[in-house]
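Chains, contacts and geometry: an overview
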Amino acid sequence: MEITGRIDEVRKQVKEWRRQGLTVGLVPTMGYLHEGHESLICRAVAENDKVVVSDFVNPIQFGVNEDLATYPRDIEADKRLCEHAGADLIFHPEAEEMYAPDFSTYVEMQKVSEGLCGKTRPTHFRGVCTVVCKLFHIVTPDRAYFGQKDAQQMAVIRRMVRDLDIDVEIVGCPIIREEDGLAKSSRNTYLNQEERKAALVLSKAIFHGEALVKKGERDADVILGAMKEIIEAEPLARIDYVEMVDADSIEPLTKAEGRVLAAVAVYIGTTRLIDNFIVEV
Ligand code: AMP
């Protein structure tokens, strides 16, 4: 496995693989890799001849008061996980390699990026779309792998790929959880012992909401009300949103119908965590 911080080196490697007729998968990440990321990498390894993992804490997807400076980083551990999972190349650039001092072109999306996390993080998806678009141009993958953990991000990326005619297949992968249910996240490392316990209200609410839909409940207010009740019972938790939307358009739903995404964002202390379920009704 190779690691490089240079765009021209990635291009050179991918060109060589293309010359050999090999397929290429891309797994975009912000590093501090865990089993959630690993599941994406393993899937990519199974479905492609070569796999590139990008490991880049993308500054432009963080808001001014967000955790860019403190976002956890451990490139040595990331290398070990990627190597173990069978990746071929890690792309680990400095911000300066990705963004020239006079960088001035952004991918801006309407609607899909405006609800849910877009409300609290108004510039987040502009940063995500811009960096993922750049990664698609640098790596030119046949397939790119994203986790359902970030369900709105997946909808946003699918829409960008469709709207901008980017020639890549987007593969969605299920949420990987801790044994007790908490969705794995690099940000879980911010939680102290008490907060870690309190954070279980997210997955509890998600499992309960999903069970209600599966039992036949269709009224969004009833489902979301029951989920909120679980979260509000935890004193360390503060709800950012608990919503039900169409999983592709991110338009709010009053009835569970079609491809339903129920998503929550909750502050546990100062740490903002997200979780969701998607069901076809
Ligand atoms: P991040 O490093 O948080 O930007 O995540 C990189 C990719 O890994 C995104 O596509 C995430 O959705 C995915 N991912 C993060 N956590 C999980 C998880 N617990 N299960 C599945 N995929 C995940």
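Residues numbered from 1 in each chain as written. Predicted model: local features only at pLDDT ≥ 70, side-chain atom pairs only at ≥ 80, totals over all residues. Heavy atoms only, no water.

Along the chain, R158 falls in helix α7 (residues 151-163). Residue R158 is classed as partly exposed on the basis of its relative accessible area, which comes to 35%. For the pair R158 and E96, spaced 62 residues apart in the sequence, the C-alpha separation amounts to 27 Å. In this structure R158 touches I170 and G172, once residues within four positions along its chain are discounted. (Helix = DSSP H or I, 4+ residues; strand = E, 2+ residues; numbered from the N terminus. Buried < 20%, exposed > 50% of the residue type's maximum accessible area, 1.4 Å probe, protein only. Contact = heavy atoms within 4.5 Å.)

Bringing the state of the cysteines into the picture now. On inspection of all chains with the given rule, the structure shows zero disulfides. Cysteine C117 remains unbridged, with the sulfur of C129 as its closest cysteine sulfur at 13 Å. Residue C117 is classed as buried on the basis of its relative accessible area of 8%. (Disulfide = S-S within 2.5 Å.)

Attention now moves to the pattern of salt bridges. In the structure shown here, the tally under the stated rule is 19 salt bridges. Across the salt bridge formed by D163 and R162, the nearest N and O atoms sit 2.8 Å from each other. Given a relative accessible area of 55%, R162 falls into the exposed group. In this structure, D248 engages R259 in a salt bridge whose closest nitrogen and oxygen atoms are separated by 3.2 Å. Placement of D248 in the loop between β7 (237-246) and β8 (259-268) and of R259 in strand β8 is noted, with a sequence separation of 11 residues between them. Shared partners join several salt bridges into a network, and the residues in it are R6, D8 and E9. (Salt bridge = Lys/Arg side-chain N within 4 Å of Asp/Glu carboxyl O.)

Attention shifts here to the site of the ligand. If you check the shell around the ligand, you find 17 residues, and the closest are H37, G147, D150, I176 and K184. H37 places a polar side-chain atom, nitrogen or oxygen, 2.9 Å from an oxygen atom of the ligand. A distance of 2.6 Å separates an oxygen atom of the ligand from a polar atom in the side chain of D150. Relative to its unbound accessible surface of 480 Å², the ligand loses 93% to contact with the protein. Secondary structure elements with two or more residues in the shell around the ligand: β2 (24-29), α2 (35-47) and β5 (143-147). Of the residues belonging to the shell around the ligand, the class tally is eight nonpolar, six polar and three charged. (Near = heavy atom within 4 Å. Polar contact = N/O pair within 3.5 Å; in protein donor to acceptor, adjacent residues only side chain to side chain. Areas by Shrake-Rupley, 256 points an atom, 1.4 Å probe, with all protein chains shown as cover. Nonpolar A, V, L, I, M, F, W, Y, C, P; charged D, E, K, R; others polar.)

We now examine helix α9 (residues 200-215). If you check α9, its first and last C-alpha atoms are 23 Å apart, about what 16 residues at 1.5 Å a residue would give, namely 22 Å. Looking at the buried residues of α9, the elements they touch are α8 (193-198), α10 (220-232), β7, β8 and β9 (271-280). Directly after α9, the chain includes G216, whose backbone phi takes a positive value near 115°. (Expected span 1.5 Å × (residues − 1).)

Within the secondary structure, H34 is located in the loop between β2 and α2. One polar contact links the side chain of H34 to the main-chain amide nitrogen of G36, over a distance of 2.9 Å. Apart from residues lying up to four places away in sequence, H34 is in contact with L81, K184, S185 and S186.

Domain annotation of the protein chain identifies domain 1 (2-173) and domain 2 (186-280). Using C-alpha coordinates to define each centre, domain 1 is positioned 25 Å away from domain 2. At the junction of the two partners, domain 1 supplies 23 residues and domain 2 supplies 21 residues. Of the roughly 1800 Å² buried between domain 1 and domain 2, counting both surfaces, carbon and sulfur atoms make up 52%. At the junction of domain 1 with domain 2, the criterion picks out two salt bridges. For R187, the salt bridge goes to D67, with nearest N and O atoms at 2.8 Å. Scanning the region where domain 1 abuts domain 2 turns up nine residue pairs in polar contact (both at pLDDT 80 or more). Of all the secondary structure elements, the ones that give two or more residues to the side of domain 1 that touches domain 2 are α5 (117-120) and α7. Top contributing element to the side of domain 1 that touches domain 2 by residue count: α7, with four residues. (Domains from an automatic or database assignment. Buried area = accessible area lost by both parts, 1.4 Å probe.)

The strands making up a sheet associate through hydrogen bonds between their backbones, and the pairing can be parallel or antiparallel. If you walk across this open sheet you meet the six strands as β1-β4-β3-β2-β5-β6, and the pairing is parallel. The open sheet has two free edges, formed respectively by β1 (2-4) and β6 (169-173), since each of these has just one partner strand. On average, adjacent strands in this sheet sit at an angle of 25° to one another, irrespective of strand direction. In the packing of helix α1 (residues 7-19) onto the sheet, the strands contacted are β1, β2, β3 (50-55) and β4 (89-91), and the crossing angle to β4 comes to about 150°. (Pairing = 2+ DSSP bridges. Axes fitted to C-alpha atoms, helices over the stretch in contact; angles between N-to-C directions.)

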